Amino acid sequence: MRPVPAFFFVATAALAVESFALGQTTPAPPPVLTIDAGRVTARVSPTLYGLMTEEINYSYEGGLYGELIRNRIFRDDAREASHWSVVHDRNGIGAISLDESQPIPGTVLTKCVKLDASQASTGHRIGVANDGYWGIPVKPKTSYQASFYAKGDGSNSPLTVSVESNDGAKVFAKAQVPEINGQWRKYTTVLTTGDDVAPTASARFVISTEKPGRLWFNLVSLFPPTYNNRPNGNRMDIMQLLADMKPAFLRLPGGNFLEGDTVAERFPWKKTIGPLEQRPGHRGCWGYGASDGMGLLEFMEWCEDLGIQPVLAVYAGYSLKGEHVDPGAGLQPFVDDALDEIEYVTGGPSTKWGFERAKDGHPAPFRLAYVEIGNEDQFDRSHSYNRRFAQFYEAIKKKYPGLLCIATTCEKGIPWKPDVIDEHYYRNAWEMEGDATHYDAYDRKGPKVFVGEWATREGEPTTNLNAALGDAAWMTGMERNSDVVVLASYAPLFVNVNKGGMQWGSNLIGYDALNSYGSPSYYAQKMFNTYLGDSVISVTGVNIPTQAWQRPPAPKQVPTLFFVATRASGSGTIYLKVVNTAGFAQSVQFHLNGVRHVAPDGLSVVLTSAHPGDTNSITEPTKIMPVTSKISGLGTSFTHAFAPDSVNVLQLETQ
Ligand code: AHR
C-alpha cells in the first residue's frame, strides 16, 4: 500500500478551514474544474478498453476454461498420475499407475492411468479419483458432462461415475456406464445434482468398478454448464464478469505465455486446435502445464461470445530465457507459421487453414484488425527485433494489407513504422498518479499506442482500493489521450486464489472452484468503460491540491484530483470522471461552458471504502462496489463533494 506521510497536504480545503479557525492562514481556494463541452480534444477510440489474457495464475486451467479434471491426459508429471488417487471401499484392494504401453491409436493420448482392481465386489468398489483444481465444484440442480476413454481386460462390470465428497461419504451425483470391453472407446454421461445439494468444493470425481480386473482410462473430462452452452467452453460466472466490463477486444495468447521459456516452448498454436485427442498440451512458462483445451479456436470463440475483437499476438522469434531466431531464412518458418495462424483466424473455408477451422466447427471467419508481432522484445539482448519485426511486417502486409501491425518495442532505425506500439506499465499507486499526464504531450506524429499491459500493483492476490485509485488516475490520462492510446488492457486478468494458484500478485479477477469476484480495480475499469462518450472534451483545473510522494532523491508533488470528461454526441450526455486520491473529502466547483442547458438531475457513481487498503475477496466479494445514486442541483455551475479515496463518475445531461 502507498505509504502516507504524516504531513502531506500542500493545500487542502480541510486543512485550510482548520488553520483559518486558528487565525493562522487564509483558506486555500477550492479546486475549480472548467469543462468546455464545445472543445473536443480527441475522439474516443472505439477500442480503448479491452482485456489481456495468458495462461498465468491458473487463468484457464482451474480458471476460465470449464474443464474440472486436472491432469486429464496424464502428462502433467512424468513420474506419477498427479491429482489422481485410488479409491477403495471397505475390502476393495487396488492400485493405480501411469502406463505408457496403451496408446490410443491415431491420437496423442499415449500415456494413461491403469487401475488394478485386484479385489472388488458388490459394495466393495475400486476406482480412480481426481481432485480437480482445488476441488470439484458442486452446485445444486446442475448437470455435468462427463466423458472418458476406457478399456478393460475383458472382465469388467459396468462402471460407476460419481461426484462425491472427498471421503466418499456423500454422493452428490452419479451415473452408470455400460460394461466396457478390451478396446479403447469413448464413454459419455451426464451427472446431475439434486436441488438440496449445498455448494461445496470439497469433492472429487470418481470412476469405479465392483468387479476385479484391470482397467485403463484416458482423456477424462468433466464440464459444468458453460457460457452460451459451448462444448469445451468457459465458466459462466467469470465470463459474466468479463461481459459486464463491456470490453472492446481481447489480446491473446500472451504475454510471456506466447514466448515460452525457449523457442521450442513457444505457444504451439497448431497443436492447440482440432479435437482434444490431438492436443498434447505444452509446458507453459509459469510453472505448470497448459492442456491447450483453451486453444486458438476457443480464444476466438471467447471473443465471439463477448462480441469483441481479438488482438492476435504471433510468436516472433524471441523467448523468455533469451533465445532468439536470427532474421532471414531461419526466421522464415516462423513468419509462415504466423501467416497460417492469421489464415486460420480470418481465411474463408476455401483456404487451407480456413478449411481446418471450418473442420473444427467454425466455418465463418473471424474479424481481425490487429496483429501483434512478439511480446516485450525490448528484452532481446541481441537487438534483433527491428529486423525480425520488418520480416513479419512485410509478409503480413503483403498478404493482409488491411491488418494493423503492433510492435512490442521501437528501437532506433526500425525499417518500417509500426502502426501501433505496445507499452507496458507495472507500477505502484504513486507512480501511476505521478505519471497520469504521461500521454498529454505525446508525439502525435508517431505510431499509435497500445497500453497492452498495465496495472497498479498493490494488494494480492487481487488489488486493493489504493491500487484502484492509481489505476483510475492512470485511466484518466489514457482516456484523455485516446486519439493516441487506441487500445489498453490491464494485466494480469485472472488469479486462482487457492494456495499455489498465484504466480503474479495484483490481479483483476479472483476465483476458486466455486466462486469469483472482481477487485476494486475491476470495478474502476467497469466504471470507466460503462460511462464513456465518443468525444473527449476539455477540462481544466485550478487550485488542485497536491500531496508529496516521498520519492528519493527528492519528494515529488502529485495532484490529489484527476479528471477527464467525455461526451456522447447523440445524446449530449457528459461523463465526468474524477478521482480523489486524498484521504479526505474534496469539494470541487464546476463550470460548464459550451452547453445551452444542464439538467438539474444527474447520476453519481462512487467507488470507495473506509481504508485505501480495503479489498474484495472470495469471502467478501462485494465489499467495495460502485454505488449509483441520483444527484440534483446541477447546472452550468455547481459544487460537488467527492468522498475520500474515491473513484467517481458524474453523469450530466446537457443540450
Ligand atoms: O502480466 C504478466 C507478465 O508481465 C506478462 O506475461 C509479460 O508480458 C509481462 O512481463
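Residues numbered from 1 in each chain as written. Predicted model: local features only at pLDDT ≥ 70, side-chain atom pairs only at ≥ 80, totals over all residues. Heavy atoms only, no water.

Engineer: Can you help me understand the overall build of the protein chain in this one?
Structural biologist: Each helix and strand in the protein chain was counted, giving 10 helices and 32 strands. Over its C-alpha atoms the protein chain spans a radius of gyration of 28 Å, differing by no more than 12% from the 26 Å that the globule rule assigns to 655 residues. By its C-alpha atoms, the protein chain is 95 × 60 × 50 Å across when sized along the principal axes. A buried classification covers 60% of the 655 residues belonging to the protein chain. Considering only contacts in the protein chain between residues 6 or more positions apart, those separated by 24 or more positions represent 76%. Counting only carbon and sulfur atoms, one obtains 53% of the accessible surface of the protein chain, whose full area is about 25,300 Å². (Helix = DSSP H or I, 4+ residues; strand = E, 2+ residues; numbered from the N terminus. Rg over C-alpha atoms; globule rule 2.2 N^0.38 Å. Buried < 20%, exposed > 50% of the residue type's maximum accessible area, 1.4 Å probe, protein only. Contact = heavy atoms within 4.5 Å. Areas by Shrake-Rupley, 256 points an atom, 1.4 Å probe, with all protein chains shown as cover.)

Engineer: Just checking my understanding: could you explain the packing of helix α2 (residues 236–244) against helix α4 (residues 296–306) for this structure?
Structural biologist: A pair of packed helices is captured by two measures, namely the crossing angle of their axes and the spacing between those axes. Viewed as axis vectors pointing N to C, α2 and α4 meet at an angle of 55°, and their least axial separation amounts to 10 Å. Between α2 and α4, the angle falls in the class oblique. The crossing of α2 and α4 is right-handed. Residues Met239, Leu242 and Ala243 of α2 touch α4, and the partners they reach there are Trp302, Asp305 and Leu306. Here the contact of α2 with α4 is composed, by residue class, of 5 nonpolar, no polar and 1 charged. (Axes fitted to C-alpha atoms, helices over the stretch in contact; angles between N-to-C directions. Parallel < 35°, antiparallel > 145°, perpendicular 65-115°, else oblique. Left-handed = near helix turned anticlockwise from the far one by under 90°. Nonpolar A, V, L, I, M, F, W, Y, C, P; charged D, E, K, R; others polar.)

Engineer: Would you mind showing me how to read the sheet that holds strand β21 (residues 509–511) here?
Structural biologist: As a general point, the strands of a sheet are linked pairwise by backbone hydrogen bonds and lie either parallel or antiparallel. Strand order in the open sheet formed by 3 strands is β20-β21-β22, with mixed pairing between adjacent strands. On the outer flanks of this sheet lie β20 (494–496) and β22 (516–518), each paired with one strand and no other. Pairwise comparison of adjacent strand axes, ignoring direction, gives a mean angle of 20° for this sheet. Here 3 bridges tie β21 to β22, and the two strands are oriented antiparallel to one another. (Pairing = 2+ DSSP bridges.)

Engineer: Before we go on, may I ask you to explain the site of the ligand in this structure?
Structural biologist: As a matter of local geometry, the ligand sits amid Glu54, Gly255, Asn256, Trp286, Asn375, Glu376, Tyr426, Glu453, Ala491, Pro492 and Trp504. Between Glu54 and the ligand, the recorded distance is 2.4 Å, taken from a side-chain N or O atom to an oxygen atom. At 2.9 Å, a backbone N or O of Asn256 approaches an oxygen atom of the ligand. For the shell around the ligand, the class distribution of residues is 5 nonpolar, 3 polar and 3 charged. (Near = heavy atom within 4 Å. Polar contact = N/O pair within 3.5 Å; in protein donor to acceptor, adjacent residues only side chain to side chain.)

Engineer: Explanation requested: the packing of aromatic side chains in the structure shown.
Structural biologist: In this description, a pair of aromatic rings is defined by centroid distance and the angle of the planes. Within this structure, the stated rule accounts for 31 aromatic pairs. Judged by centre distance (5.2 Å) and plane angle (80°), the ring pair of Trp454 and Tyr490 falls under edge-to-face. Taken together, the residues span a long stretch of sequence, with Trp454 in strand β18 (residues 448–456) and Tyr490 in strand β19 (residues 485–490) at a distance of 36 residues. Both residues of the pair, Trp454 and Tyr490, belong to the buried class. Ring geometry for Phe494 versus Tyr511: centroids 5.9 Å apart, planes at 70°, classification edge-to-face. Taken as a pair, Phe494 in strand β20 and Tyr511 in strand β21 lie far apart in primary sequence, 17 residues in all. An aromatic cluster of at least three residues, connected via ring pairs, comprises Tyr60, Phe257, Phe267, Phe299, Trp302, Phe494 and Tyr511. (Phe/Tyr/Trp six-rings, centres within 6.5 Å; stacked < 30°, edge-to-face > 60°.)

Engineer: Any chance you could explain the sheet that holds strand β5 (residues 112–119) here in plain terms?
Structural biologist: The 5 strands lie next to each other as β4-β5-β12-β7-β10, forming an open sheet whose pairing is antiparallel. Edge positions in the open sheet fall to β4 (93–99) and β10 (185–192), since each of these has one partner strand only. Averaged over all adjacent pairs, the angle separating strand axes in this sheet is 30°, with direction ignored. Pairing analysis gives 7 bridges linking strand β7 (residues 143–152) to strand β12 (residues 213–223), with the strands arranged antiparallel.

Engineer: What exactly am I supposed to notice about the side chain of Thr456 here?
Structural biologist: By the element assignment, Thr456 lies in strand β18. At a separation of 3.5 Å, a polar atom in the side chain of Thr456 contacts the main-chain carbonyl oxygen of Ala467. The residues touching Thr456, leaving out its near neighbours within four places in the chain, are Arg427, Asn428, Ala429, Met432, Thr463, Ala467, Gly470, Asp471, Tyr490 and Ser506.

Engineer: Can you walk me through the nonpolar core in this structure?
Structural biologist: Considering soluble globular proteins, one finds that nonpolar side chains tend to be buried as a cluster. Trp302, Phe392, Val451 and Trp454 are the most contacted members of the largest nonpolar core, which totals 118 residues. Element by element, the count of residues in this core is highest for helix α9 (residues 465–480), at 8 residues. Once residues lying within four places of it in the same chain are set aside, the contact partners of Val451 are Asp422, Glu423, Tyr425, Tyr439, Trp474, Met478, Val485, Leu487, Ala488 and Ser489. One finds Leu68, Ala120, Ile126 and Phe217 within the second-largest nonpolar core, a separate group that totals 35 residues. (Core = buried A, V, L, I, M, F, W, Y, C linked by side-chain atoms within 4.5 Å.)

Engineer: Would you mind going over the domain arrangement of the protein chain with me for this structure?
Structural biologist: Accessible area lost on assembly of the parts is the figure often given for the size of an interface. Domain parsing of the protein chain yields domain 1 (6–45 + 534–652), domain 2 (84–223) and domain 3 (248–418). The C-alpha-based centres of domain 1 and domain 3 are spaced at 41 Å. (Domains from an automatic or database assignment.)

Engineer: Help me understand the pattern of salt bridges, please; the structure alone is not making it clear to me.
Structural biologist: Where charged atoms from two side chains of opposite charge approach closely, those side chains can pair. Scanning the entire structure with this criterion turns up 29 salt bridges. Among the ionic pairs, Arg283 bridges to Asp261, the shortest N-O distance being 3.0 Å. Residue Arg283 is located in the loop between α3 (256–259) and α4, and its partner Asp261 is located in the loop between α3 and α4; the two are separated by 22 residues in the primary sequence. Overall, the relative accessible area of 10% leaves Asp261 in the buried class. Note that Glu356 is salt-bridged to Lys359, the shortest N-O span being 3.2 Å. Of the two residues, Glu356 and Lys359 are both situated in helix α6 (residues 352–359); the distance of 3 residues between them amounts to about one turn of the helix. (Salt bridge = Lys/Arg side-chain N within 4 Å of Asp/Glu carboxyl O.)

Engineer: What should I look at first to understand helix α10 (residues 520–530) in this one?
Structural biologist: One full turn of an α-helix is made of 3.6 residues, so residues set three or four places apart face in the same direction. When you tally the buried positions in α10, you get 9 out of 11 residues, the bulk of the element. Listed as buried for α10 are Pro520, Ser521, Tyr522, Tyr523, Ala524, Gln525, Met527, Phe528 and Asn529.

Engineer: Even after reading the chapter, I still don't get the confidence of the model for the protein chain, so can you show me in this structure?
Structural biologist: Low-confidence regions, as indicated by low pLDDT, have predicted coordinates that should not be scrutinised in detail. Per-residue confidence for the protein chain gives a mean pLDDT of 95; residues scoring 70 or more make up 96%. Note on residues 1–22: pLDDT is under 50 here. Beyond four places in sequence and across chains, it has 39 contacts. (pLDDT = per-residue confidence, 0-100.)

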